[in-house]
Amino acid sequence: MTMAIATQMTERIVTVRYFAWVRERTGRSDDVISLPAHVVTIAELMSLLAARGEGYAEAFKHPPSIRVARDRVHVQQSAEIGTAREIGFFPPVTGG
Amino acid sequence: MTMAIATQMTERIVTVRYFAWVRERTGRSDDVISLPAHVVTIAELMSLLAARGEGYAEAFKHPPSIRVARDRVHVQQSAEIGTAREIGFFPPVTGG
Amino acid sequence: MTITVQHDDFEIAVEIDRLTAGRCDIGAVASFVGKVRDTSAGSPLAAMTLEHYPGMTEDELQSIADIATERFQLSAVRIVHRVGQLKPGDNIVLVIACSPHRQHAFDGCAFLMDYLKTRAPFWKKETALDGSGTWVDARDADHAAIERWTKTN
Amino acid sequence: MTITVQHDDFEIAVEIDRLTAGRCDIGAVASFVGKVRDTSAGSPLAAMTLEHYPGMTEDELQSIADIATERFQLSAVRIVHRVGQLKPGDNIVLVIACSPHRQHAFDGCAFLMDYLKTRAPFWKKETALDGSGTWVDARDADHAAIERWTKTN
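Parameters and conventions
- Residues numbered from 1 in each chain as written.
- Chains lettered and ligands numbered in written order.
- Predicted model: local features only at pLDDT ≥ 70, side-chain atom pairs only at ≥ 80, totals over all residues.
- Heavy atoms only, no water.
- Contact = heavy atoms within 4.5 Å.
- Salt bridge = Lys/Arg side-chain N within 4 Å of Asp/Glu carboxyl O.
- Helix = DSSP H or I, 4+ residues; strand = E, 2+ residues; numbered from the N terminus.
- Buried < 20%, exposed > 50% of the residue type's maximum accessible area, 1.4 Å probe, protein only.
- Least-squares fit on C-alpha atoms with pLDDT ≥ 70 in both.
- Polar contact = N/O pair within 3.5 Å; in protein donor to acceptor, adjacent residues only side chain to side chain.
- Buried area = accessible area lost by both parts, 1.4 Å probe.
- Nonpolar A, V, L, I, M, F, W, Y, C, P; charged D, E, K, R; others polar.
- Pairing = 2+ DSSP bridges.
- Axes fitted to C-alpha atoms, helices over the stretch in contact; angles between N-to-C directions.

### Looking at the arrangement of the chains
For step 1, the next point in the chain: The interface with the highest contact count, out of three pairs of chains in contact, is the one between chains C and D.
For step 2, the next point in the chain: No part of chain A reaches chain B; the closest C-alpha pair between them is 29 Å apart.
For step 3, the next point in the chain: No interface is formed between chain B and chain C, the nearest pair of C-alpha atoms being 10 Å apart.

In structure tokens form, the structure reads like this:
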């Protein structure tokens, strides 16, 4: 119980980074976001970001087109943000 | 009938070439051989060559170990010599 | 120095020499160079721009190199990937896999490329002759290619 | 100039440049370099001597190059094979396959090596440290490798 209260009181800050057309649509390379308590998974963070404005709504309107990294490691959108410091959003990769 | 007589009368000459351990055993790089009429296939030529001396007998004692080219094209030992000008004998190849 | 992300071009001979110099246990060096073509889906291409995720890219490439090294018992591995604006004919990527034996080198090199294509965070944007830009879509074939490494071997 | 048999060493960068210079239709360059190792079946090796069948070798290599070019729709192919006495660490063979697409280049290059290994008339003789020479036996694995090209694709 004490733990739960402590968690709620700690401000959770993540750096969100955008690449390729996700970056072009949001119009930004990154944002520093203070996470509301109800945002637990990356999918929930995506909904939060989509509400930031028109470009963001456009960027995140079709979640299946977006890939995600948590602290620079590929994860699913269903993954929890946990203690991550950085979340990256980008299209499927096309290097090589 | 005239054709058959003509064939028998024409001397058939082939250059025989040896490579790798076949060459080392015969002690020669090549021989020019006048083919007796009864030698039709390459296998028969191998028997003929094996009788040329000790090194040749050693070289041709185990025919399955030997590969053959007729006019520089891989063929089976059962192939006929035909009008070939050059027959090559060598071990299985080991390049690359 | 297994992996490098850079704008500058690479020199394959220099990279191979660096991996093999003074070593006599390497019998096979398989390498791959990916290059910018002058067409895309039939349309002429003026340029290609490669964006990446600094930090994550290097981590992913190193991880792919480590996995390939262990799986194919490679003697040495090298990945160089270019970023920024490139022109048709320019090099994009170099992958080298060294092994005592030919099959391991070939398989290691193909595996590195397949994994790089589906995991390393690079994105290509093509510029047409009229200056318009299009982000390249990921290819289903690349994901099909990677599946063979999970099925067999 | 698709195939060359020579004693001298080759330079991979020069060869790749020659195949790709001025061309923007090549998106993939797969290459393979075979090298002399310093051991053979666990025993130290002093040298390796490569003998070949002049005339037939060139014909066979050209034929292998033609078959690979057609089968994998290759844009360009290059084979350089050395002969004579070589030392551990020396290059033996270079194979390059260029294609618009990566999988064709990889497959073409592997196919060229597999066919070269089982069809081109080269023979290796190894010299041990005491000066004794042994002809290398053909490997069953090389013949197994070639079978995959008749089964699938």
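### Let's talk about the pattern of salt bridges
For step 1, the next point in the chain: Counting across every chain of the model gives 32 salt bridges over all chains.
For step 2, the next point in the chain: Of the charged contacts, one joins C:Asp9 and C:Arg82 as a salt bridge, the two residues approaching to 3.6 Å between their closest N and O atoms. Of this pair, C:Asp9 sits in the loop between strand 1 (3–6) and helix 1 (12–20) while C:Arg82 sits in strand 5 (residues 76–82), placing them 73 residues apart in sequence.
For step 3, the next point in the chain: When its relative accessible area of 42% is taken as the criterion, C:Asp9 is described as partly exposed.
For step 4, the next point in the chain: A salt bridge links C:Arg102 to D:Asp142; the nearest nitrogen and oxygen atoms lie 3.0 Å apart. Of the two residues, C:Arg102 is situated in helix 3 (residues 102–119) and D:Asp142 in helix 4 (residues 140–151); the pairing between them involves two chains.
For step 5, the next point in the chain: For D:Asp142, a relative accessible area of 8% corresponds to the buried category.

### Quick notes on the relation of the copies chain C and chain D
For step 1, the next point in the chain: The two copies are related by a screw motion: chain C maps onto chain D through a turn of 180° and a shift of 0.0 Å along the axis, at an RMSD of 0.0 Å. Both chain copies can therefore be described as sitting about a two-fold axis.
For step 2, the next point in the chain: Interface overlap between copies is the fraction of interface residues in one copy that are interface residues in the other; for chain C against chain D it reaches 100%, indicating a shared surface.

### Overview of the side chain of C:Ser99
All names here are of chain C.
For step 1, the next point in the chain: In this fold, Ser99 is placed in strand 7 (residues 91–99).
For step 2, the next point in the chain: Look at Ser99 and you get buried, because its relative accessible area is 0%.
For step 3, the next point in the chain: Of the polar contacts made by the side chain of Ser99, one reaches the backbone nitrogen of His101; its length is 3.0 Å.
For step 4, the next point in the chain: Non-local contacts of Ser99, meaning those with residues more than four positions away in its chain, are made with Ile26, Gly27, Ala28, Gln73, Leu74, Ser75, His104 and Ala105.

### Here's the deal with the interface of chain C and chain D
How big an interface is tends to be stated in terms of the accessible area lost upon association of its parts.
For step 1, the next point in the chain: Between chain C and chain D, the residue contacts involve 35 residues of the former and 35 residues of the latter.
For step 2, the next point in the chain: When the buried area of chain C at its contact with chain D is split by residue, C:Cys24, C:Arg102 and C:Phe106 rank highest and sum to 26% of it.
For step 3, the next point in the chain: The tally of links between chain C and chain D comes to four salt bridges.
For step 4, the next point in the chain: Connecting chain C to chain D are 11 residue pairs in polar contact (both at pLDDT 80 or more).
For step 5, the next point in the chain: Within the side of chain C that touches chain D, the residues separate by chemical class into 18 nonpolar, seven polar and 10 charged.
For step 6, the next point in the chain: Taken together, the seven bridges between strand 2 (residues 28–35) of chain C and strand 2 (residues 28–35) of chain D define a ladder with antiparallel strand orientation. If you follow C:Gly34 over to strand 2 of chain D, its bridge partner there is D:Ala28.

### Focus: the sheet that holds strand 7 of chain C
For step 1, the next point in the chain: Pairing is mixed in the open sheet, where eight strands are placed in the order 1(C)-5(C)-7(C)-2(C)-2(D)-7(D)-5(D)-1(D). Among the strands making up the open sheet, the edge pair consists of strand 1 of chain C together with strand 1 (3–6) of chain D. In this sheet, adjacent strand axes meet at a mean angle of 10° when their direction is disregarded.
For step 2, the next point in the chain: Relative to strand 1 of chain C, helix 2 (residues 56–71) of chain C is tilted by about 150°, and along the sheet it contacts strand 1 and strand 5 of chain C.
For step 3, the next point in the chain: In the packing of helix 3 (residues 102–119) of chain D onto the sheet, contacts are made with strand 2 of chain C together with strand 2, strand 5 (76–82) and strand 7 (91–99) of chain D, and the angle to strand 7 of chain D comes to roughly 145°.

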